[in-house]
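Each chain, letter by letter, is given below.
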Amino acid sequence: MRFDVLTLFPDLFAPFVEQGVMGRAVQQGKLVVRLTNIRDHARGAHRVTDDRPYGGGSGMVMKAGPIVRALSGVERISDRCRVVLLTPQGRLFNQDLAWELADLDQLILVCGRYEGVDERVLEGSVDQEISIGDYVLSGGEAAALVVMDAVGRLVPGVLGSEDSNRDDSFEDGLLEHPHYTRPRVFEGREVPEVLLSGDHERIRVWRRVQALKRTLDRRPDLLERARLTEEDKKILSDLA
Ligand code: 4GX
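Residues numbered from 1 in each chain as written. Predicted model: local features only at pLDDT ≥ 70, side-chain atom pairs only at ≥ 80, totals over all residues. Heavy atoms only, no water.

### Details of the site of the ligand
Short version of the rule: A cutoff of 4 Å decides nearness: a residue is near a molecule or strand if any of its heavy atoms lies inside that distance of it. Throughout this description, a polar contact denotes any pair of N or O atoms lying within 3.5 Å of each other; where both atoms belong to protein, one of them has to be capable of donating a hydrogen while the other can accept it, and for residues adjacent in sequence the pair is counted only when both atoms sit in side chains. Here a cavity denotes a set of grid points, spaced 1 Å apart and computed over the protein atoms alone, in which a 1.4 Å probe fits but from which it cannot get out, and a pocket denotes an open set meeting protein on both sides within 12 Å along at least five of seven lines; residues with an atom within 4 Å of a point are reported as lining. A cavity or pocket is said to hold a molecule if more than half of that molecule's atoms lie within 2 Å of its grid points. Helix and strand assignments follow DSSP, with helices taken as H or I runs no shorter than four residues and strands as E runs no shorter than two, numbered in order from the N terminus.
Around the ligand, a shell composed of 21 residues is seen, among which Gly116, Ile132, Gly133, Tyr135 and Leu137 lie nearest. Between Ile132 and the ligand, the recorded distance is 3.0 Å, taken from a backbone N or O atom to a nitrogen atom. Between the ligand and Leu137, the relevant distance is 2.9 Å, taken from an oxygen atom to a main-chain nitrogen or oxygen of the residue. If you map the ligand onto the pockets, it falls in the second largest pocket. Among the secondary structure elements, those contributing two or more residues to the shell around the ligand are β5 (81-92) and β7 (128-131).

### Some remarks on the pairing of strand β1 (residues 2-7)
What counts, and what does not: Burial classification: accessible surface area is computed with a 1.4 Å probe over protein chains only, and a residue below 20% of its type maximum counts as buried, one above 50% as exposed, and the rest as partly exposed. Strands pair, by our definition, only if DSSP identifies at least two bridges between them.
Counting buried positions along β1 gives six out of six residues, so the element sits mostly inside the fold. Residues Arg2, Asp4 and Leu6 of β1 are buried on one face, and the alternating residues Phe3, Val5 and Thr7, pointing to the opposite face, are buried as well. The sheet contact formed by β1 and strand β2 (residues 32-37) spans six bridges and is parallel. Along β2, the bridge assignment pairs Val5 with Leu35. Where β1 lies against strand β6 (residues 106-111), five bridges are found, and the strand directions are parallel. Across the sheet, the residue bridging to Val5 is Leu109, located in β6.

### Notes on the layout of surface pockets
Here is the rule: Grid points are joined across faces, edges and corners, and a volume is the space filled by probe spheres set on the points. Gly is put with the polar residues, along with every residue not named as nonpolar or charged; the nonpolar set is Ala, Val, Leu, Ile, Met, Phe, Trp, Tyr, Cys and Pro, and the charged set is Asp, Glu, Lys and Arg.
Approximately 530 Å³ is the volume attributed to the largest pocket. The wall of the largest pocket is formed by 18 residues, among which Asn94, Gln95, Phe170, Leu222 and Arg225 lie closest to the centre. Of all the secondary-structure elements, those providing two or more residues to the lining of the largest pocket are α4 (95-102) and α8 (220-223). Tallying contributions element by element places α4 first for the lining of the largest pocket, with three residues. Of the residues belonging to the lining of the largest pocket, the class tally is four nonpolar, four polar and ten charged.

### Focus: α4
Threshold: This arc corresponds to the set of directions leading from the helix axis out to the C-beta atoms. Throughout, a contact is declared for two residues whenever any of their heavy atoms are within 4.5 Å.
Turning to α4, its buried residues number three or more, namely Gln95, Leu97, Ala98, Leu101 and Ala102. Along the long axis of α4, the arc covered by the buried residues comes to 155 degrees, so they all point the same way. The secondary structure elements touched by the buried residues of α4 are β5, β6, β7 and α6 (141-152). One side-chain oxygen at the N-terminal end of α4 lies 3.1 Å from the backbone nitrogen of Asp96; it belongs to Asn94.

### With respect to the pattern of salt bridges
Between side chains of opposite charge, pairing is possible as soon as their charged atoms come close. The following threshold applies: Whenever Lys or Arg places a side-chain nitrogen within 4 Å of a carboxyl oxygen from Asp or Glu, that contact is recorded as a salt bridge.
Following the criterion strictly, the structure yields 18 salt bridges and no others. The closest approach of N and O atoms between Arg2 and Glu75, which form a salt bridge, is 3.4 Å. One end of the pair, Arg2, is in strand β1; the other, Glu75, is in the loop between α3 (64-72) and β5, and 73 residues separate them in sequence. Relative accessible area serves as the criterion here: at 9%, Arg2 is assigned to the buried category. Judged by its relative accessible area of 49%, Glu75 is partly exposed. Three or more residues are tied together by salt bridges with common partners; here these are Arg2, Asp4 and Glu75.

What follows is the structure, given as structure tokens:
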């Protein structure tokens, strides 16, 4: 899978692209990340990328020209390609959308700054607007990193067997059970006895109960869309 990021701050991406799961996947060629500096497509001696809003008001708006020219400069490697603008006005990003995007060959992420981008960029050159949540960032870059991280790890071969997908929170729509590792006692707090028992069935049931308890307690909204087994439903009715 290839990610193309259009941004005024390409340097923000280097540490993320070079390290961790993403870094390894890029080295292995399973992910390709290309950065385009929108300013390289601005015209004039001053390479201006923003201007004052028509109709007045505070703040600046990103000009259409540099963004659209930057998009034209991005090679499309496949028809399975989507141009995404990160904005609070977009579809709320979640694990379902991450899976949908992971099915593409190429994702072009446009990062806006200031008050936003000229609406004509959206009309003519953007396939989808995505928001990573209901809060205000100072630019789309942090949002693009979130999308690349969540989508990239769903691409086959990106996660090692060490950190596989299948146990993850949200893959069944529930929050995760608690995790413990050595030492057995830390600051007087013991690891739950069941986890030391070696009884794999007891451990499985305990973990499932913990996951269901946490979800019921902290994110009951998730239960409506969770993939629940008959055993899960029984546990939940016992908890209630
Ligand atoms: N999830 N922001 C983008 C500037 C902007 C505004 C409109 C394009 C259109 C955000 C979020 C987010 C702040 C990034 C405004 N660019 N992006 N920026 N929440 O808050 O994605």
